[in-house]
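So you can see what is in the structure, the chains are spelled out below.
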Amino acid sequence: NLATTAAGDSDRDSDVIVALDKPCGIPVHPTGRYGHGSLTCLARRCLGAVADGLVLCHRLDLGTSGVTVMARGGGIAGAVNA
């Protein structure tokens, strides 16, 4: 179960920020045996068109749970990282 909160809309040119509740044991990026079970892949499956162009603002380790953020447009990802 992937809990998400999104602000913005699905228009590819609009700014969007998404907060994801990452559980322990799921990697953020697809690698090896987690090719399709990563947080970024799950987010794209759950969010559909809203996920187009989203970039990860930061990552959490495999064994860490918590909120992570993906964003699109207007320098949002950079602002979250600052």
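Since the structure is predicted, the reported quantities are computational estimates derived from the model, not experimental observations.

Draft legend 1. How the structure looks around the overall build of the protein chain. When you go through the protein chain residue by residue, the secondary structure sums to two helices and four strands. Traced from its N-terminal end to its C-terminal end, the protein chain shows the element sequence β-β-α-β-β-α. Counting every position in the protein chain, which comprises 82 residues, the buried fraction comes to 29%. Partitioning the intrachain contacts of the protein chain with sequence separation of at least 6 by distance along the chain shows that 46% fall at a separation of at least 24. Total accessible area on the protein chain stands at roughly 4,600 Å², and carbon and sulfur atoms take up 53% of it.

Draft legend 2. Spotlight on the pattern of salt bridges. What the rule picks out here adds up to one salt bridge. A salt bridge links arginine 59 to aspartate 61, with the shortest nitrogen-to-oxygen separation between them at 2.7 Å.

Draft legend 3. Structural context of helix α1 (residues 39–47). All of the buried residues along α1 are Leu39, Thr40, Ala43 and Leu47. Taken down its axis, α1 places every buried residue within 95° of arc, on the same side. Where α1 ends, the next residue or the one after it, glycine 48, has phi of about 60°, a positive value.

Draft legend 4. Summary view of the environment of valine 67. Of note, valine 67 is situated in strand β4 (residues 66–72). The class for valine 67 is exposed, based on a relative accessible area of 53%. With residues up to four places along the chain from it excluded, the contact list for valine 67 reads Ala19, Leu20, His58 and Leu60.

Draft legend 5. Region of the structure containing the confidence of the model for the protein chain. When pLDDT is averaged across the protein chain, the result is 80; 83% of the residues are at 70 or more. Within the protein chain, strand β1 (residues 3–7) has the poorest average pLDDT of any element, 55, and β4 the best, 88.

Draft legend 6. Main features of the nonpolar core. Listed in full, the 10 residues of the largest apolar core are Val16, Val18, Leu20, Val28, Leu39, Ala43, Leu47, Ala51, Leu54 and Met70. Residues Cys57, Val69, Ile76 and Ala77 belong to the second largest nonpolar core, which totals five residues.

Draft legend 7. View of the pairing of strand β2 (residues 16–22). Because side chains alternate across β2, one face comprises the buried residues Val16, Val18, Leu20 and Lys22, and the other comprises Ile17, Ala19 and Asp21, none of which is buried. Bridging between β2 and β4 involves seven bridges; their strand directions are antiparallel. Following the sheet pairing, alanine 19 is matched in β4 by valine 69.

What counts as what
- Residues numbered from 1 in each chain as written.
- Predicted model: local features only at pLDDT ≥ 70, side-chain atom pairs only at ≥ 80, totals over all residues.
- Heavy atoms only, no water.
- Helix = DSSP H or I, 4+ residues; strand = E, 2+ residues; numbered from the N terminus.
- Buried < 20%, exposed > 50% of the residue type's maximum accessible area, 1.4 Å probe, protein only.
- Contact = heavy atoms within 4.5 Å.
- Areas by Shrake-Rupley, 256 points an atom, 1.4 Å probe, with all protein chains shown as cover.
- Salt bridge = Lys/Arg side-chain N within 4 Å of Asp/Glu carboxyl O.
- Arc of directions from axis to C-beta.
- pLDDT = per-residue confidence, 0-100.
- Core = buried A, V, L, I, M, F, W, Y, C linked by side-chain atoms within 4.5 Å.
- Pairing = 2+ DSSP bridges.

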